[in-house]
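Residue-level listing of the chains:
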Amino acid sequence: MYYIGISAYYHESSVFLTDNNGTDCFIKEESFSRIKGDKNFPQRCLKFLIKKFDLKNDNIKSICFYEKPFKSWWEIFKYSIKNPFENRDFLIHHLKNFNEGSIFFYTDINKLINISRNKIVYSSHHLSHCLYGLSVIKDVSDYVYITCDGVGEGETMSVYTIDNNFKIKKLWTNFYPDSIGLFYSTITEYLGFEINEGEFKVMSLSSFGKPIYEKELKEIFDINNFKINMDYFEFHKNPSKSFSKKLYDLFGEPYLDIREEKNFNKYADIASSAQLILEHTMKNLIKKAYDLSGKRKIVLTGGVALNCKMIHNLSKQSIFEELIVPPSPGDSGSAVGAANFAFLEKSKNKTLNFNNIYLGPEKKLINKKENKDNFFLKVNLTNDYIIEATNKLINGEVIATYYGSNEVGPRSLGNTSILCNAANHESVINLNLNLKKRQHFQPLAPILLEEDFEKYFSINKSIIKNLEWMGTLCDAKQTLYNKYNSIIHVDGTCRTQIIKDKNSITYKILKNMKNYGSDILVNTSFNISKDPVVFDLFDVYVNMKRMKIEFILMDDGLYQTKNL
Amino acid sequence: MILEYKINKKELSFIPNHIYNKGYIYKDHFIFEKKKLNDFAIFIGANEEIAEKKLIAFTDHLKAHKPLVHKQIQDILKDEEKHAEYSLRFAKKNHGLFSYKIKLAKEKILSFFRHIYANSLNKFSFIFKPILISIIILISFVVYFLNLKKNITDDNVMKNIDPNSIT
């Protein structure tokens, strides 16, 4: 019997299917529609799952939506309707979109599969985040669970504890519009980046500036009481713009061209200041969670937790014993949390078992074998394709990887990646700017074996687990500067990933690289900037041609693209 | 808004949801999933031609004060021209001449009505806006007297949540 969790309508739509017996399948709608961050009802995902797992009413135990649809719609509406005339544009927009959201989730599901009404359940937004957090820990009662995001069902911050019988307590909640997530998103929009997409660019940009606007931003967001000053915001009254004229008056013109040095420096300072406010706020939230729960081990979820620079800086302040951010802490990962809710709701005192972090489908489930033969030509001449791939990397070649199961979070962890030798400066720059078409201030991430980590990097032990899925930054040591200068961000940090699994192809390549005196690869997701990560072999072929990447490493060998 | 905030400097993505309302594409499918290949070719041919004409009008407007953007759109136009040409050539080859002409004419008429519908949306909203505002004012009165409370804490979340409820 399958449990299905669904997250949709507001951010990246995703579906997670599990039988809690070794079959797990997490997929995002964007993988099929090829629309980055596709938030529509995940009908293509569901059609795929229905076909692959022969889903029907009889073999589905529960389908769980990750939040309460009406509550989610209403809580935002309720705030704005306090001033109906002033907020009329937003209210009209919100009212018109009533039937576009998740209210009709059951109807949407039933168009695809005839399912009994009692099998459809609804979790709560922050609870789904919290239950997803359980996928990466063992002793649930040792932790306090903090969720912090833009807004979900009117909640912006929550603190939970869970005992060994899975009795869940909510210790504290903060409500819309007092949201540090919305504050950061507004700054993102002010700087000219897209909300929900550009926040990580603001984070990267912040390393180039100085927090000279800290005082001004503290007037806008009260870091001690978690209160927002709505004079600077318009997200409650304007559906297309989140900041008000007052922010415009404070910092000057928005959307300046950051290719000009003067603008770049100013925007870097604003980003740096916003980053500092975020970190102070999170520090206070963690302290509050400790006061309420007495626990110093933390699982942090919600979109805000994707800010790995914040995680890194917080670790230096000794305010927790351990902090874990699961690989996909945002709404997309909540599909896993929703499935967990469905399971817990039935079993009462058990949650799902998670054996690894690669919860996506295996590549062989996605593709037909003939597609591989149609598009690619096997090029490894010897049986040891690891050696041949390593040779190519050492010679400065950029290689795509497409093996194992797909990753859950926004970061490719080696199974669906593009790799190049981190010691080869030209390859790294070419990959970042020409192939991936990223901004110059966004650094690429290194990947290396766990045993080599301490040779090049230092990190506080309290956040070390997050390195398995690039969930945090770490500091570069001098040895890294000497040999791998091009992967270090301007502030001396790297978003490093360590590989532990000795059976993985990535591990074998890294191990083999050491024979040639190189032990770090650059790992970036297999997509062009603003496109979704590749899913099937069609995407792989098209993206390789677009990026002019010739070689790809798959489960059974090294392949080259054919010229069709 | 473009002039006030220099929105051209802001990163913008194409989000199809915004044009579902205007009747251009199907909400639940891509056009190519819904139409047969020959009909899809006609659709592309007819609509790319129309899009080209619209873009020409738009670029003429930009030529004087945004020469760079004008040039970029000119490049896009060349692509549009090619798409239209190839699609129509394909459609012509795979339909009889009579069937091709009928289907092309039908697609152009449909496109004409789609544009009328899209352009009239603002006028419709002009009519519906006062009705929606009246509804909002009514709800605001109800909410004012409702005195809704929020739960800051919850001692047993799983016990107190109704899994079948959407509220």
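What counts as what
Residues numbered from 1 in each chain as written. Chains lettered and ligands numbered in written order. Predicted model: local features only at pLDDT ≥ 70, side-chain atom pairs only at ≥ 80, totals over all residues. Helix = DSSP H or I, 4+ residues; strand = E, 2+ residues; numbered from the N terminus. Buried ≥ 20, exposed ≤ 12 C-beta atoms within 10 Å, placed from the backbone. Contact = placed C-beta atoms within 7 Å. Nonpolar A, V, L, I, M, F, W, Y, C, P; charged D, E, K, R; others polar. Pairing = 2+ DSSP bridges. Domains from an automatic or database assignment. Axes fitted to C-alpha atoms, helices over the stretch in contact; angles between N-to-C directions.

1. Comments concerning the overall build of chain B
- Along the backbone of chain B there are seven helices and zero strands.
- Counting from the amino terminus, chain B carries its helices and strands in the arrangement α-α-α-α-α-α-α.
- When burial is assessed residue by residue, chain B has 9% of its 167 residues classed as buried.
- Restricting to contacts in chain B with at least 6 residues of sequence separation, those with at least 24 account for 63%.

2. A few points about the interface of chain B and chain A
- Contact residues are listed per partner, giving 32 residues for chain B and 37 residues for chain A.
- The set of elements that each furnish at least two residues to the side of chain B that touches chain A consists of α6 (97–146) and α7 (157–160) of chain B.
- Ranked by residues supplied to the side of chain B that touches chain A, first place goes to α6(B) with nine residues.
- Of the residues belonging to the side of chain B that touches chain A, the class tally is 16 nonpolar, seven polar and nine charged.

3. Focus on the pairing of strand β15 (residues 417–421) of chain A
All names here are of chain A.
- Summarising burial for β15: five of the five residues are buried, a large majority.
- Across the two faces of β15 the burial is the same, with S417, L419 and N421 and I418 and C420 all buried.
- Looking at chain direction, strand β14 (residues 399–402) and β15 are connected through two bridges and run antiparallel. Note that in β15 the partner of A400 across the bridge is I418.
- Relative to strand β21 (residues 521–525), β15 runs antiparallel, the two being bridged by five bridges.

4. With respect to the domain arrangement of chain A
Residue and element names in this part refer to chain A.
- If you check the domain split of chain A, you get domain 1 (2–66 + 68–122 + 331–347), domain 2 (180–324) and domain 3 (363–561).
- Domain 1 puts 10 residues into the contact, and the matching count from domain 2 is seven residues.
- At the level of secondary structure, the elements contributing two or more residues to the side of domain 1 that touches domain 2 comprise α3 (69–80) and α4 (88–96).
- The biggest single contributor to the side of domain 1 that touches domain 2 is α4, with three residues.
- For the side of domain 1 that touches domain 2, the class distribution of residues is two nonpolar, five polar and three charged.

5. Focus: helix α2 (residues 43–53) of chain A
All names here are of chain A.
- When α2 is considered as a whole, its buried residues turn out to be Q43, R44, C45, L46, F48 and L49.
- Those residues of α2 that are buried are in contact with β2 (14–18), β3 (24–28), α1 (29–33) and α5 (105–112).
- Positive backbone phi, at 50°, marks D54, one or two positions downstream of α2.

6. Topic: helix α7 (residues 180–190) of chain A
Residue and element names in this part refer to chain A.
- Burial analysis of α7 places 11 of its 11 residues in the buried class, the great majority of the element.
- When α7 is considered as a whole, its buried residues turn out to be I180, G181, L182, F183, Y184, S185, T186, I187, T188, E189 and Y190.
- The first or second residue beyond α7 is G192, which carries a positive phi of 95°.

7. Some points on the sheet that holds strand β22 (residues 551–554) of chain A
All names here are of chain A.
- Taken in spatial order, the eight strands of this open sheet run β13-β23-β22-β14-β15-β21-β16-β20, and their pairing is mixed. Unpaired on one side and paired on the other, β13 (376–378) and β20 (497–499) mark the two borders of the sheet. Each neighbouring strand pair of the sheet contributes to a mean axis angle of 35°, computed without reference to strand direction.
- Summarising the sheet, β22 and strand β23 (residues 557–561) pair through four bridges and their orientation is antiparallel. If you follow M554 over to β23, its bridge partner there is G557.
- In the packing of helix α17 (residues 425–435) onto the sheet, contacts are made with β15 and β21, and the angle to β15 comes to roughly 155°.
- Across the sheet, helix α20 (residues 505–513) is in contact with β16 (445–449), β20, β21 and β22; its angle to β16 comes to roughly 80°.

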